[in-house]
Every structure is written in C-alpha cells, then in structure tokens.
Amino acid sequence: MNSEIAEFTQIVDGEWPEGTIQGRRPSPEEMTRALQVMLTRQCVYSSTPGLGRTYDIVRAYSSFFERYFGTLGYRLVVSHKEQMVALQVPMGETRYDAVYERLRKDETIVLLGLRLLWEEAIGTQDVGDGGTVETTTGDLVDRIKTATQADPPDEARLLDILRMFQRQGAVRVGQRDRIEKVSPLTILPGVSVLVPDSYLEELLLWAAAPGTGPEEAEAQAS
C-alpha cells in the first residue's frame with residue numbers, strides 16, 4: 001500500500017502516530033475535501049468561509065499533507081502567525097498541472113501590484129491582524145502605473161482579475177463605493193506565496209518590458 005494512502009487511513013481511524021486533531025477526528029470525506037480544496041484554492045485561512053475544517057485539518061496533520069503534496073511537486077506552507085496554509089509551486093520546474101498555469105500579462109501585472117502594495121505595507125508596518133493590508137483599487141491602479149509605466153486593465157477587467165485571485169487567497173474584494181468609484185481591497189499574506197521573493201525582481205523587470213498585448217507569462221497562481 002502506498003505510504004500516503006496508509007497514513008490517510010491511520011488519520012481517519014484515529015491511529016495516526018503523530019497525534020490527532022482536537023475534537024472529532026476527520027472523516028474520509030473531510031480528508032478528501034481538504035486535499036481537493038488545497039489544490040483548487042492554493043491559500044486557505046482559518047477565516048476562509050465555506051470550507052469546513054480544511055484549515056484545522058491541514059494544520060493538525062501537516063506532515064501528512066506535506067508528504068502528500070510533495071509527491072506532486074508542491075511545498076506546503078503553514079503559517080501559524082497568519083493562520084494560513086498554502087501550496088507553493090517551486091520555480092524553474094516544468095509542470096503539467098492546473099496549479100501552475102499561464103496567466104495573461106494583465107493578470108500577472110495585477111498580481112504584481114498586489115504583491116508590491118503588500119510588501120510596502122510590511123516595510124512601513126502598516127499591517128493588520130494576520131498580515132493583511134487594507135487598500136483600494138485606486139491605490140492598486142496607481143501602483144501598477146508606477147511599476148510598469150503602462151495603463152492598467154479597465155475597471156471591469158480589473159475586478160474580474162481580482163475575483164480570480166480572491167478565490168486563490170491573495171485578496172478580498174469589498175463592495176464598490178459608487179461615489180469614490182473604487183472598491184476596497186484586503187490583500188492577504190497568500191500573495192507572498194503566489195509571488196515569492198525569488199520571483200519578484202524577475203517579474204518587475206518583465207512587467208516593465210515593452211508590449212502589453214495578449215502574450216502570456218508564467219505565474220504560480222492556479
């Protein structure tokens with residue numbers, strides 16, 4: 001029997017040698033759900049709604065999930081301070097799965113803008129609980145213009161892109177202010193997983209390069 005399958009069985013049977021979760025042990029369905037959620041969401045928080053006990057299960061059995069996802073070429077990130085569990089995709093490796101797909105250039109530039117705003121807020125210690133940063137789409141547009149010297153996506157396209165990254169745990173999008181014509185944003189620490197430090201400088205150079213057409217760029221988002 002595959003070792004990961006044996007460990008799965010030990011966990012749901014309450015025989016996991018490395019300890020167990022507080023309260024009721026996970027059912028097979030909850031374990032399967034946690035595996036599927038991590039592959040589709042990439043960054044999950046204790047406060048993420050609608051995902052059951054996924055965060056608690058992954059954190060409690062992190063060594064199992066680390067080995068399981070390691071066989072697929074991912075690195076499990078567990079941040080107790082930020083109450084986040086996430087999958088990070090190693091750079092520089094050829095991949096054939098959905099978690100490492102190609103993003104359009106405008107999508108990648110928006111992701112870069114989010115990462116830069118988050119990084120700057122960290123530097124000035126203007127960070128909320130759990131490593132979150134409060135900003136707006138107006139600030140994001142200004143940061144994109146400064147970083148790339150190019151026009152950002154129009155408002156409708158920008159919101160579509162942000163909702164995509166919201167699903168992946170990089171940002172939360174609030175309700176649009178009709179007077180100010182901006183939407184509040186909460187940038188989540190998962191943005192540092194989607195755009196790690198080792199990738200940031202390379203992405204900045206690429207985003208500032210001439211040509212903002214439909215060409216695509218590799219990014220770690222699913």
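Remember, predicted model here, so these are calculated numbers, not experimental data. (Residues numbered from 1 in each chain as written. Predicted model: local features only at pLDDT ≥ 70, side-chain atom pairs only at ≥ 80, totals over all residues. Heavy atoms only, no water.)

Observations regarding the pairing of strand β5 (residues 133–136)
The line we're drawing: Relative accessibility under 20% of the residue-type maximum defines a buried residue, over 50% an exposed one, and the middle range a partly exposed one, all with a 1.4 Å probe and only protein chains included. The numbering of helices and of strands both runs from the N terminus, where a helix is a DSSP run of H or I of at least 4 residues and a strand a run of E of at least 2. The pairing criterion is simple: DSSP has to find at least two bridges between the two strands.
Side chains of β5 alternate between two faces, with Val-133 and Thr-135 buried and Glu-134 and Thr-136 left unburied. Direction of pairing for β5 relative to strand β7 (residues 184–187): antiparallel, over a ladder of four bridges. Among the inter-strand pairings, Glu-134 is bridged to a residue of β7, identified as Thr-186.

Overview of the nonpolar core
Just so we agree on the cut-off: Nonpolar core, defined: a set of buried Ala, Val, Leu, Ile, Met, Phe, Trp, Tyr and Cys residues in which side-chain atoms within 4.5 Å join the residues together. It only takes one pair of heavy atoms within 4.5 Å for two residues to be counted as in contact.
Counting 38 residues, the largest nonpolar core has Val-110, Leu-114, Leu-140, Leu-162, Phe-165 and Leu-194 as its most contacted members. Those elements that provide at least two residues to this core are β1 (43–45), β3 (84–88), α5 (105–123), α6 (137–148), α7 (155–167), β7, α8 (191–194) and α9 (197–207). Apart from the residues within four sequence positions on either side, Leu-114 is in contact with Leu-140, Leu-162, Phe-165, Val-171, Leu-185, Ile-187 and Val-191. In this structure, Ala-34, Tyr-55, Phe-65 and Tyr-74 belong to the second largest nonpolar core, which totals 24 residues.

Structural notes on the environment of Ser-192
Mapped onto the elements of the fold, Ser-192 is located in helix α8. Remark: the alpha-carbon pair of Ser-192 and Leu-116, spanning 76 residues in sequence, is separated by 9.7 Å.

A look at the sheet that holds β1
What counts here: Note on method: axes are straight lines fitted to C-alpha atoms, helices fitted across the in-contact stretch only, with angles between N-to-C directions ranging 0 to 180 degrees.
Pairing within the open sheet is antiparallel, and its three strands lie in the order β1-β3-β2. A strand with exactly one partner marks an edge of an open sheet, and here the two such strands are β1 and β2 (75–79). Strand-to-strand, the axes of this sheet are offset by a mean angle of 15°, without reference to chain direction.

Describing the environment of Gly-130
With respect to the helices and strands, the residue Gly-130 is situated in the loop between α5 and β5. Judged by its relative accessible area of 30%, Gly-130 is partly exposed. When sequence neighbours within four positions are dropped, the list of residues in contact with Gly-130 reads Lys-81, Glu-82 and Pro-189.

Brief notes about the sheet that holds β5
Here we have three strands laid out as an open sheet, ordered β5-β7-β6, and antiparallel in their pairing. Each of the sheet's edge strands pairs with one partner strand only, and the pair in question is β5 and β6 (171–173). Averaged over all pairs of adjacent strands, the angle between strand axes in this sheet comes to 25°, irrespective of strand direction. Here three bridges tie β6 to β7, and the two strands are oriented antiparallel to one another. Residue Val-173 lies in a different strand from β7, and its bridge partner there is Leu-185. Packed on one face of the sheet, α7 meets β6 and β7 and runs near 130° to β6.

Points about the packing of α5 against α7
Applicable threshold: Each angle is binned into one of four classes, with values under 35 degrees roughly parallel, values over 145 roughly antiparallel, values of 65 to 115 roughly perpendicular, and all other values oblique. It is the rotation of the near helix from the far one that decides the hand of a crossing: anticlockwise by less than a right angle makes it left-handed, clockwise makes it right-handed.
Where α5 meets α7, the closest approach of the two axes is 10 Å, and the angle between their N-to-C directions is 70°. As summarised for this structure, α5 and α7 are arranged roughly perpendicular, according to the angle between their axes. The handedness of the crossing between α5 and α7 is right-handed. Every residue of α7 that contacts α5 at Asp-106, Glu-107, Val-110, Leu-111 and Leu-114 is listed here: Arg-157, Leu-158, Ile-161, Leu-162, Met-164 and Phe-165.

Regarding the side chain of Thr-137
In this fold, Thr-137 is placed in helix α6. The class for Thr-137 is buried, based on a relative accessible area of 8%. Leave out the neighbours within four places in its chain, and Thr-137 touches Leu-158, Leu-159, Leu-162, Val-182, Ser-183 and Leu-185.

Looking at the pattern of salt bridges
Spelled out, the test is: A carboxyl oxygen of Asp or Glu within 4 Å of a side-chain nitrogen of Lys or Arg is what we treat as a salt bridge.
All chains considered together, the criterion is met by ten salt bridges. Among the salt bridges present, the one from Arg-163 reaches Asp-160, with a minimum N-O distance of 3.4 Å. Note that Arg-163 and Asp-160 are positioned in helix α7 at a spacing of three residues, about one turn of the helix.

A word on the side chain of Arg-115
What counts is decided by this rule: Nitrogen and oxygen atoms within 3.5 Å of one another constitute a polar contact, given that in protein one can donate a hydrogen and the other can accept it, and given that sequence-neighbouring residues count only through two side-chain atoms.
Of note, Arg-115 is situated in helix α5. Side-chain polar atoms of Arg-115 contact the backbone oxygen of Val-195, separated by 2.7 Å.

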